[in-house]
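Secondary and tertiary structure notes
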Amino acid sequence: MRRFYLSLVTIAIAGLVAATANTTFAAGKLTLYCSPQIEWCQLMVKEFEKSTGIKVAMTRKSSGETFAQIKAERRNPKGDVWWGGTGDPHLQAAEEGLTQEYKSPRLPELQDWARRQAEQSGFKTVGIYAGALGVGYNSELAAKHKVPAPKCWADLTKPAYKGHVQMANPNSSGTAYTTLATIVQVFGEEKGFEFMKGLHKNINQYTKSGSAPIKASARGETTIGIVFQHDAVTQAVKGFPIKIVSPCEGTGYEIGSVSIIKGGRNPESAKKWVDFALDPKIQTMAAQAKAYQVPSNSKATPPPQAPDLSQIKLIDYNFKKYGSSAERRRLLKKWDDDVSTLPR
Amino acid sequence: MNRPAALWLALGWGGFALLPWYGVEDGFWSLAWLFDYPAGADAAPALLQILLFGRWWLAPMVLPLAAPLLVLRRPRTDPLFSRVLLAAGAVGAVFFLGQGFLIGIGGWEYATLEGLFGPLGDRQFGMGYGALSVAAAFLFLFAQGLAARGAINGDGFVVGSIALVIALVAAFIFFPVVRILASAFQDNDYNFVPYLFVEKLFSHDIWGVGCLTANVNCGIAWNSLLMAILVAASTTVLGLAFALLATRTGFRAKRLLRLLSVLPIITPPFVIGLAIILLFGASGTVTQAIETITGTTPGRYIYGLPGIWLAQTLAFTPIAFLVLIGVVEGVSPSMEEASQTLRAGNWRTFTTVSLPLMRPGLANAFLVGFIESLADFGNPLVLGGNFDVLSTSIFFAIVGAQNDQGRAAVLAIILLAFTLTAFWAQHRWLGHKSYATVTGKGDAGLHVPLPRRVVWLAYGSALPWAGLTAVIYCMIMFGGFVELWGRDHSLTLRHYMDAFSITTGTGGLVWSGAAWNSFWTTIYISLISAPLTAAVGLLTAYLLIRQKFAGQQAFEFGTMLSFAIPGTVIGVGYILAFNVPPIELTGTGIILVICFIFRNMPVGVRAGIAAMTQIDKSLDEASLTLGASSFATVRKVVLPLLRPAVIAALVFSFVRAMTAISAVIFLVSANYDMATSYIIGRVENGDYGLSIAYSSVLIVVMVVVILLIQLVVGERRIGRREDMNVAFGAGGAVG
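Here the structure is a predicted model, which means the values were calculated and not measured.

A word on the overall build of chain B. What chain B contains, in helices and strands, is 34 helices and six strands. Taking 2.2 N^0.38 as the reference for a compact globule, 735 residues should give roughly 27 Å; the C-alpha atoms of chain B span a radius of gyration of 28 Å, in line with that estimate. In terms of overall dimensions, chain B has a C-alpha envelope of 85 × 65 × 65 Å along the principal axes. Buried positions account for 61% of the 735 residues belonging to chain B. In the structure as shown, chain B presents an accessible area of about 28900 Å², 67% of it carried by carbon and sulfur atoms. Taking the 41 positively charged and 36 negatively charged side chains of chain B as two groups, their mean positions are separated by 15 Å.

Dropping the structure here:
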């Protein structure tokens, strides 16, 4: 019996001893939860380590996963700072008191929309980039099926588009929730839901993830996808026949944000990270990592492929109201009850 | 002196007085604590924690550690000996768990206690080596006490093993699962609101049957159930066909077939789905061909049940195959020969003797397919269309915009209920018949040739299937070498360079590829967890089949529990349970290893059970009668006969550790990133080329490891004549 357990233990030890953590004596430590694409995360970490000497331990997860993790870890937080990813869960985290208030000295340099969002969250999160919502379509497929290019939100409810439109399910995707909130703000609540019902008839699938519709469109699985425009740019840059439309009625936007996790172990390093993330030089580097959002620092240069926000009719998106969990629950429940149960 | 008891007691005292009580911050295996030892507050053993740092709540454990010292010299049969050991183990465990759960990182864990005793003014961290040793000591002292009283014929090994498995299952399956399922009764501010549970449980999107009459979606519970039954049935049939082909016919390309059938199991989750879209999607190759030939537009027919069914059948047939092959091999030729001697034809022999003897295997294969299908996440995500199932809904209830952990817990409970029912039905079906065919008696028969109908059926179902698998894998391998899969098919090595380049830098070789870090972690974690998983799984199977003890059924179900619960739920449950003391594991590699062991051990258990029901108990008894200990019996008699099950368990746990995703995604950390979570991140960003290149490398690695495992473990040798006819007379057997 002892030999049996002994051999078990030996196997375990023989393997694990090799993993002994090599302790580095650096200027400081920082545990980063990173939500954008991995290249961008790695670029940021490299630059941050170079400029501050702080050793970064980075984990990349999507913003929904990160938010779920921070929530689950709330009694004993393991992360210090959460960088990037849709602003929506950052705002939820701020509302639930999972993140820490911090006013970066760089705040005055930021664009209006970023300052406004920071104020609305009680300075518990701050925007690093913005991306407008839009419609992407596969031009080859549109020509094949003889579907006209959409110009406005209202076009999408026309019978010509039946079975051609894809959007994410607002219950699972922050992108789709932003769409729902945008429609409600553009058309007003009653007309907005009429629009969603009309759209529902044309939808071929509500995907789970927010950027899935444009990926499906790129591969010819659907003609039209309702997504963030920078996600559509990514597909177009890759070489897919994707065209981007900013709806004529005006459109909403997301603010990718950075938040300091409350109760983290290295708060000073976390603050340095936030200042660093708002640095115009650093924000300008985003294009190197194939990120095509508009940077939040007004001194930073947006990537040439980025959708030009000044050319897009942006609505005055109310982050405070539509980012609150009460309003979110109400709208999602209404969508669930009134729209998703309708036949197509 | 009683040696086992003394040994465990020594371990307890060592843990109490010598080893650092709390977990050391730099990780379980780091030796940095030596600098601070023994008088530092972080590295001090419990004894010094009490004396120097006033952690008085550790003091009561001295008593149960001291009491057994008094009876150590008494004979084992003395009732006092067993009573003291039992009491010491139980009291010690209660004190141990009590202090661990009542005093946490913020002092008292419960406000009522703070009200009673006032603020504690101190806190404690996760447990370390010392605490672990003491806990083990209490557990095994208790087991020794039980054995001394005569439980399970006074067999210390068996009682200790049962106690160990129960403790492990309680700590690493029940505890986290209860933590997360409790949230079914909570609102979003963690208040206890039971009516919410009822409301969520009976919501129309779970149980609605609108799809029968109108073009709306049916409830996700019905969808899942339908999907799981279809998939379990198809995988069992195909798995049986493959197993028969591989063992009972003269099919020439057996090895190739075996390899091909194992491929899907070693494929990272989303890849098959993606390949299916490229073949059957709205713009897929096959769909385009149909369009050109018939002039109709089939459109998005693959999305929904058809796609999931296809992908899951592809993915899970190998599991059924692995479960069944040992059983098919094990069916005794003597029985079949007896049947033939009694003038039964091939067909009659097959349907009335061979097939019924395979029932445990068929039932287990069906059960595993059913559970796998319910818990699968990647395929429904990619191919589900508007066909929502429980597993994806659970994932997005937790990480999605609605962020409703309670709903996830409710859905998980429904999923568990389905599994429970399947499990119960399987038990009913198998009944109490004996399926033992490997006995100590001479068994040197020849397998009867399969009836022709069965052979054709096996070929007819397995070969087209193998063909489809081959096509899909060729496509996948191809996808790693082209610029943009499905769009720009100019050849390139770019993706492999990005992921796996090695450059020569100042310090010699630099592993500069983006994938190396997660690649090595994955290999390393998988290699550690595979043998541990197999050991725990087979040990459990042995206890279940060969021993009789109270609560055996509950015990069996407990070991199946973690398999039945979707990975997302386990992942979040693990964070909730193991992020705070007493067991603080998040951010380490250990949490990944533990998660893999307990998620994958059910396959070891199932394979072990299926194989062990075939081995007659008289073999064990012969060994025991000849004076071998039960441990020696397991090692020298049972284990060699279990080789196919050992291989199945090792292969499966290794492979699953390399390809699992939904639980892992919550447990990876900066230092321990896993390949799948890295790949999923790349897929989210649409970098299919690199993802596929990485997946292809993983597939090759897994094939190599599987071959190595087979080489090391070797084949089971049952004293049967080598069947020359099968080897040379392929034509004769087939046609």
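The subject of this paragraph is the overall build of chain A. In terms of helices and strands, chain A carries 14 helices and 11 strands. For chain A, the C-alpha radius of gyration of 22 Å lies close to 20 Å, the compact-globule estimate for 344 residues. Dimensions of chain A, computed from C-alpha atoms along their principal axes, come out at roughly 70 × 60 × 40 Å. Taken over 344 residues, chain A has a buried fraction of 62%. Relative to all contacts within chain A whose residues are 6 or more apart in sequence, the contacts with residues 24 or more apart total 78%. Carbon and sulfur atoms form 54% of the exposed surface of chain A, whose accessible area is close to 13000 Å². Measuring between centres, the 46 positive side-chain charges of chain A sit 6 Å from its 31 negative side-chain charges.

Side chains carrying opposite charge are able to pair once their charged atoms draw close together. All names here are of chain A. Counted by the stated rule, this structure contains 25 salt bridges over all chains. Of the charged contacts, one joins D279 and R106 as a salt bridge, the two residues approaching to 3.3 Å between their closest N and O atoms. Taken as a pair, D279 in the loop between α11 (267–277) and α12 (280–284) and R106 in the loop between β4 (99–100) and α5 (112–120) lie far apart in primary sequence, 173 residues in all. We classify D279 as buried; its relative accessible area is 13%.

Below, the discussion takes up the side chain of S677 of chain B. Residue and element names in this part refer to chain B. Looking at the secondary structure, you find S677 in helix α31 (residues 675–684). With relative accessibility at 8%, the residue S677 sits in the buried group. If we skip the residues at most four places from it in the chain, S677 touches I661, I665 and V668.

The next thing to look at is the environment of S653 of chain B. Residues and elements named next belong to chain B. Within the secondary structure, S653 sits in helix α29 (residues 643–659). The buried category is assigned to S653, whose relative accessible area is 1%. Distance from S653 to V603, taken between C-alpha atoms, is 7.9 Å for residues 50 residues apart in sequence. At 3.2 Å, the side chain of S653 and the backbone oxygen of L650 are in polar contact.

Okay, the state of the cysteines next. Residue and element names in this part refer to chain A. For the structure shown, the criterion picks out two disulfides over all chains. In this model, C152 is linked to C248 through a disulfide, with the two sulfur atoms separated by 1.8 Å. When the S-S torsion is 120 degrees, as for the bridge of C152 with C248, the disulfide is right-handed. Pair noted here: C152 is in the loop between α6 (139–144) and β6 (165–168) and C248 is in the loop between β9 (242–245) and β10 (253–261), with a separation of 96 residues, a long-range link. Given the relative accessible area of 17%, C152 is considered buried. Among the cysteines of chain A that take part in disulfides, numbered as they appear in the sequence, the pairing is 1-2, 3-4.

Residues and elements named next belong to chain A. When cut into domains, chain A gives domain 1 (26–130 + 254–307) and domain 2 (132–252 + 325–339). The C-alpha-based centres of domain 1 and domain 2 are spaced at 27 Å. Domain 1 puts nine residues into the contact, and the matching count from domain 2 is 10 residues. Of the roughly 1000 Å² buried where domain 1 meets domain 2, counting both sides, 55% is carbon and sulfur surface.

All right, on to unusual backbone geometry then. The phi torsion at K290 of chain A lies on the positive side, around 60 degrees, for a residue other than glycine. With respect to the secondary-structure elements, K290 of chain A resides in the loop between α12 and β11 (294–295). Under the relative-accessibility criterion, K290 of chain A is labelled partly exposed at 45%. A positive phi angle, near 75 degrees, is found at R343 of chain B, a position not held by glycine. Positionally, R343 of chain B belongs in the loop between α15 (333–341) and α16 (346–357).

Moving on, we get to the interface of chain A and chain B. Across the contact, 72 residues belong to chain A and 82 residues belong to chain B. When chain A packs against chain B, close to 6800 Å² is buried across both sides, 52% of that on carbon and sulfur atoms. Inspection of the region where chain A meets chain B yields four salt bridges. For R265 of chain A, the salt bridge goes to E584 of chain B, with nearest N and O atoms at 4.0 Å. Where chain A meets chain B, there are 18 residue pairs in polar contact (both at pLDDT 80 or more). Elements that contribute at least two residues to the side of chain A that touches chain B include exactly α1 (2–17), α2 (38–52), β2 (55–60), α3 (63–72), α6, α7 (174–187), β7 (203–207) and α14 (325–339) of chain A.

With that out of the way, let us pick up the side chain of K215 of chain A. When you line up the elements, K215 of chain A lands in helix α9 (residues 212–218). The residues touching K215 of chain A, leaving out its near neighbours within four places in the chain, are Q235 of chain A together with V683, E684, N685, G686 and Y688 of chain B.

Residues and elements named next belong to chain A. For β7, the buried fraction is high: five of the five residues fall into the buried class. Note that β6 and β7 share four bridges and pair parallel. Paired with A168 across the strands is T207, a residue of β7.

Counting residues in each nonpolar core, the largest one holds 222 residues, and the members touching the most others are I276 and Y574 of chain B. Top contributing element to this core by residue count: helix α26 (residues 590–612) of chain B, with 17 residues. Dropping the residues within four chain positions of it, Y574 of chain B is found in contact with F172, P176, N579, I591, I594, C595, F598 and L667 of chain B. One finds A118, A142, L156 and I183 of chain A within the second-largest nonpolar core, a separate group that totals 80 residues.

Quick look at the packing of aromatic side chains now. The way to describe two aromatic rings as a pair is by their centre distance and the angle between their planes. Residue and element names in this part refer to chain A. Taken as a whole and judged by the stated rule, the model has 40 aromatic pairs over all chains. Centroid distance F48 to F276: 5.1 Å. Interplanar angle 65 degrees. Geometry classified as edge-to-face. Of this pair, F48 sits in helix α2 while F276 sits in helix α11, placing them 228 residues apart in sequence. Neither F48 nor F276 differs from the other in exposure class; each is buried.

For the rest of this paragraph, the subject is α7 of chain A. All names here are of chain A. For α7, spanning 14 residues, the distance from its first C-alpha to its last is 20 Å, which sits close to the expected 20 Å at 1.5 Å a residue. Counting buried residues in α7 gives 10 out of 14 residues, a clear majority hidden from the surface. Listing the buried residues of α7 in full gives T175, A176, Y177, T178, T179, L180, A181, T182, I183 and V184.

Reading the values: rules and limits
Residues numbered from 1 in each chain as written. Chains lettered and ligands numbered in written order. Predicted model: local features only at pLDDT ≥ 70, side-chain atom pairs only at ≥ 80, totals over all residues. Heavy atoms only, no water. Helix = DSSP H or I, 4+ residues; strand = E, 2+ residues; numbered from the N terminus. Rg over C-alpha atoms; globule rule 2.2 N^0.38 Å. Buried < 20%, exposed > 50% of the residue type's maximum accessible area, 1.4 Å probe, protein only. Areas by Shrake-Rupley, 256 points an atom, 1.4 Å probe, with all protein chains shown as cover. Lys, Arg positive; Asp, Glu negative; His and termini not counted. Charge placed at Lys NZ, Arg CZ, Asp CG, Glu CD. Contact = heavy atoms within 4.5 Å. Salt bridge = Lys/Arg side-chain N within 4 Å of Asp/Glu carboxyl O. Polar contact = N/O pair within 3.5 Å; in protein donor to acceptor, adjacent residues only side chain to side chain. Disulfide = S-S within 2.5 Å. Domains from an automatic or database assignment. Buried area = accessible area lost by both parts, 1.4 Å probe. Pairing = 2+ DSSP bridges. Core = buried A, V, L, I, M, F, W, Y, C linked by side-chain atoms within 4.5 Å. Phe/Tyr/Trp six-rings, centres within 6.5 Å; stacked < 30°, edge-to-face > 60°. Expected span 1.5 Å × (residues − 1).

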